[in-house]
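Single-letter residue listing:
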Amino acid sequence: MSLNTSSIKWNEAGLVPAIVQDAVSKEVLMMAYMNEESYARSIETGETWFWSRSRGELWHKGATSGHTQQIVSMHYDCDGDTLLVRVVQNGPACHNGTYSCFTNAVEGVGASASTSVSAGELLQSSDRFAMLNQLEATIAQRYIERPEGAYTTYLFEKGVDKILKKVGEESAEVIIAAKNKDNDELRCEASDLIFHLMVLLRERGLSLDEIMAELNRRHNKSKQPS
């Protein structure tokens, strides 16, 4: 297969860094290097291939572990010297068994640097929907790692029927709270419903981005003259 790689700026070793991102949660999973051959194989097979600098050979991600990465899209940046690969991750991305390789926080940076900042203040000072992004990433991590004792693990292990049952139950609870004109109860039940709905979306491999895109299509359609 002949590929046009002229837009990619390979370094002196003939490599380009590839950032791998979960296509659903948008969480960054790992970074590795591709050469022209692994780049071509990734495109041909639809799964990620990289070049191991330590072993000096090609490697197919998940070939031995089964934790393969199905490619959804590939992009290169404005300089052409970095790739972004969006994937559907099968199992943990990291060889340590974690959802993402980026699990070690740098102390003294960001919100963790100040214990005086409350959760409410943090949300107000940034994106008001940041909690949904964080929740989506956490649910994605639970889906891959299945930590023992976690409620989300229990839901995923029980399967879609159990998740659907919880969505139905929480929907009914929202209706009851609204009928009771109890906003404190409604706030709690609506939160439960959103959580279980997001678990369902992850189980079905549907991202919040796709939901937002559908709402945007409907919004734009409603503005069109009839």
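Here the structure is a predicted model, which means the values were calculated and not measured.

Student: Can you walk me through the side chain of H196 in this structure?
Tutor: Mapped onto the elements, H196 comes out in helix α6 (residues 183–203). Looking at H196, the relative accessible area reads 4%, which means it is buried. Leaving out residues up to four positions away in the same chain, H196 has contacts with Y151, L155, I163, K166, V167 and E170.

Student: Before we go on, may I ask you to explain unusual backbone geometry in this structure?
Tutor: Negative phi values dominate among residues other than glycine, just as trans dominates among peptide bonds. A positive phi angle, near 70°, is found at K26, a position not held by glycine. Considering the arrangement of structural elements, one finds K26 in the loop between β1 (16–22) and β2 (28–34). The class of K26 is partly exposed, set by a relative accessible area of 26%. Its identity as a non-glycine residue notwithstanding, K181 has a phi of 55°, on the positive side. By the element assignment, K181 lies in the loop between α5 (160–179) and α6.

Student: Hey, could you run me through the nonpolar core in this one?
Tutor: In a soluble, globular protein the nonpolar side chains are often hidden away together inside. Within the largest apolar cluster, 19 residues are counted, with the highest numbers of intra-cluster contacts made by L29, M34, F50 and L83. For this core, the secondary-structure elements that each account for two or more residues are β1, β2, β6 (83–89) and α3 (130–145). When neighbours within four sequence positions are excluded, F50 is seen to be in contact with A18, V20, M30, A32, Y33, M34, S38, E57, L58, W59, K61 and Q69. By size, the runner-up hydrophobic cluster in this structure holds 11 residues, among which are I139, F156, V167 and F195.

Student: What's the story with the sheet that holds β2 in this structure? I'm lost.
Tutor: Strand-to-strand pairing in sheets goes through backbone hydrogen bonds, with the strands running parallel or antiparallel. Overall, mixed pairing links the four strands, which are arranged β2-β1-β6-β5 in an open sheet. Of all the strands in the sheet, just β2 and β5 (69–76) have a single pairing partner and so form its edges. Each strand of the sheet is rotated relative to its neighbour by a mean of 25°, with strand direction disregarded. Looking at chain direction, β5 and β6 are connected through seven bridges and run antiparallel. Along β6, the bridge assignment pairs S73 with R86.

Student: Could you clarify how one ought to interpret the packing of α3 against helix α4 (residues 151–158) in this entry?
Tutor: One way to put it is that α3 packs onto α4 with a least axis distance of 9 Å and a crossing angle of 60°. In terms of orientation, α3 and α4 fall into the oblique class. Once α3 is placed against α4, the crossing between them reads as right-handed. Along the contact surface, α3 presents I139, R142 and Y143, while α4 presents T152, T153 and F156. Counted by class, the contact of α3 with α4 contains three nonpolar, two polar and one charged residues.

Student: I'm lost on the environment of P92 in this one. Help?
Tutor: Looking at the secondary structure, you find P92 in the loop between β6 and α2 (119–125). Given a relative accessible area of 12%, P92 falls into the buried group. Separated by 63 residues in the primary sequence, P92 and L29 place their C-alpha atoms 8.9 Å from one another. When sequence neighbours within four positions are dropped, the list of residues in contact with P92 reads H67, G97, T98, Y99 and I144.

Student: Explain the packing of aromatic side chains here, please?
Tutor: Each pair of aromatic rings is reported with the distance of its centres and the angle of its planes. This model, assessed by the stated rule, comprises five aromatic pairs. For the pair Y143 and F156, a centre-to-centre distance of 4.9 Å together with 75° between the ring planes defines the contact as edge-to-face. Of this pair, Y143 sits in helix α3 while F156 sits in helix α4; the two residues are 13 residues apart in sequence, bridging distant segments of the chain. Overall, Y143 belongs to the partly exposed group, its relative accessible area being 26%. Put simply, the rings of Y151, Y154 and F195 pair up and form one aromatic cluster. The ring centre of W49 lies 4.8 Å from the NZ or CZ of R41, which sits over that ring. The ring of Y143 carries the charged tip of R146 above its face, separated from the ring centre by 5.0 Å.

What counts, and at which threshold
- Residues numbered from 1 in each chain as written.
- Predicted model: local features only at pLDDT ≥ 70, side-chain atom pairs only at ≥ 80, totals over all residues.
- Heavy atoms only, no water.
- Helix = DSSP H or I, 4+ residues; strand = E, 2+ residues; numbered from the N terminus.
- Buried < 20%, exposed > 50% of the residue type's maximum accessible area, 1.4 Å probe, protein only.
- Contact = heavy atoms within 4.5 Å.
- Core = buried A, V, L, I, M, F, W, Y, C linked by side-chain atoms within 4.5 Å.
- Pairing = 2+ DSSP bridges.
- Axes fitted to C-alpha atoms, helices over the stretch in contact; angles between N-to-C directions.
- Parallel < 35°, antiparallel > 145°, perpendicular 65-115°, else oblique.
- Left-handed = near helix turned anticlockwise from the far one by under 90°.
- Nonpolar A, V, L, I, M, F, W, Y, C, P; charged D, E, K, R; others polar.
- Phe/Tyr/Trp six-rings, centres within 6.5 Å; stacked < 30°, edge-to-face > 60°.
- Lys NZ or Arg CZ within 6 Å of the ring centre and 35° of its normal.

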